[in-house]
Amino acid sequence: MTSNFQQTAIWGGEAGGVQLESPNGLAVDAAGYVYSTDFQSGYLRRFSPDGIVDIEVGGSGTQPGQLSKPIGVAVATDGAIFVSESGSSRVSRFAADGTFQSAWGGPGSQPGQFQSAMGIAVSDRGEVFVADFGNHRVQVFDSNGEFQREWGQLG
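Model, not experiment: these values are computed from the prediction. (Residues numbered from 1 in each chain as written. Predicted model: local features only at pLDDT ≥ 70, side-chain atom pairs only at ≥ 80, totals over all residues. Heavy atoms only, no water.)

## Points about the environment of Asp54
Step number 1: Tracing the chain through its elements places Asp54 in strand 4 (residues 53-58).
Step number 2: By relative accessible area, which is 37% here, Asp54 ends up partly exposed.
Step number 3: On a C-alpha basis, the gap between Asp54 and Gly98 in space is 9.7 Å, while along the polypeptide they are 44 residues apart.
Step number 4: When sequence neighbours within four positions are dropped, the list of residues in contact with Asp54 reads Tyr33, Arg46, Phe47 and Ser48.
Step number 5: For Asp54, the side chain forms a polar contact with the side chain of Arg46, separated by 2.7 Å. (Helix = DSSP H or I, 4+ residues; strand = E, 2+ residues; numbered from the N terminus. Buried < 20%, exposed > 50% of the residue type's maximum accessible area, 1.4 Å probe, protein only. Contact = heavy atoms within 4.5 Å. Polar contact = N/O pair within 3.5 Å; in protein donor to acceptor, adjacent residues only side chain to side chain.)

So, in structure tokens, the structure goes:
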């Protein structure tokens, strides 16, 4: 069996200036920048289209701007960056330049709470969709973290 894929570059090794412990989430914006979360180290990194890290924020922790076991990453059309965190059961929002803006959620089963926030996506309208793993549901928020609706159940 032959492959139609060819490796064209290596990112995240020593030669690139950054080592990736446990890369997890991945997103690409309209300009071709690549965003990656690192589950163990708690970092969110943005790579330029040629593979150079130009934004690195986070670090493992639960303080504002830190990330606790980040899983998913999504980028809105306005450049806002959303990260789902399994460790702290929350979503963190960063500005396009990587500046921490806000976080919402926390452990629980009520609307707006999570039992391990996992996958995340942002619609063209700016709605933030979060896969709430432990509660067997998807929750939807506006771009400021206000709960809108949910669906799903164990089954």
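There is more to say after this.
## What to know about the nonpolar core
It is characteristic of soluble globular proteins that their nonpolar side chains tend to be buried jointly.
Step number 1: The biggest cluster of nonpolar side chains holds 13 residues, and the ones touching the most others in it are Phe82, Val91, Trp104, Phe114, Ile120, Val128 and Val130.
Step number 2: Elements that contribute at least two residues to this core include exactly strand 9 (117-122) and strand 10 (128-132).
Step number 3: Of all the elements, strand 9 adds the most residues to this core, at three residues.
Step number 4: Among all residues touching Val130, those that are not within four sequence positions of it are Val91, Phe114, Ala117, Gly119, Ile120, Arg137, Val138, Gln139 and Phe141.
Step number 5: Judged by nonpolar contacts, the second largest core, of 11 residues, contains Val73, Val75, Val83 and Phe94. (Core = buried A, V, L, I, M, F, W, Y, C linked by side-chain atoms within 4.5 Å.)

## Overview of the side chain of Ser41
Step number 1: As for its placement among the helices and strands, Ser41 is situated in the loop between strand 2 (34-38) and strand 3 (43-47).
Step number 2: Separated by 3.4 Å, the side chains of Ser41 and Asp38 make a polar contact.
Step number 3: Filtering out sequence-adjacent residues up to four positions away, Ser41 remains in contact with Glu21, Gly59 and Ser60.

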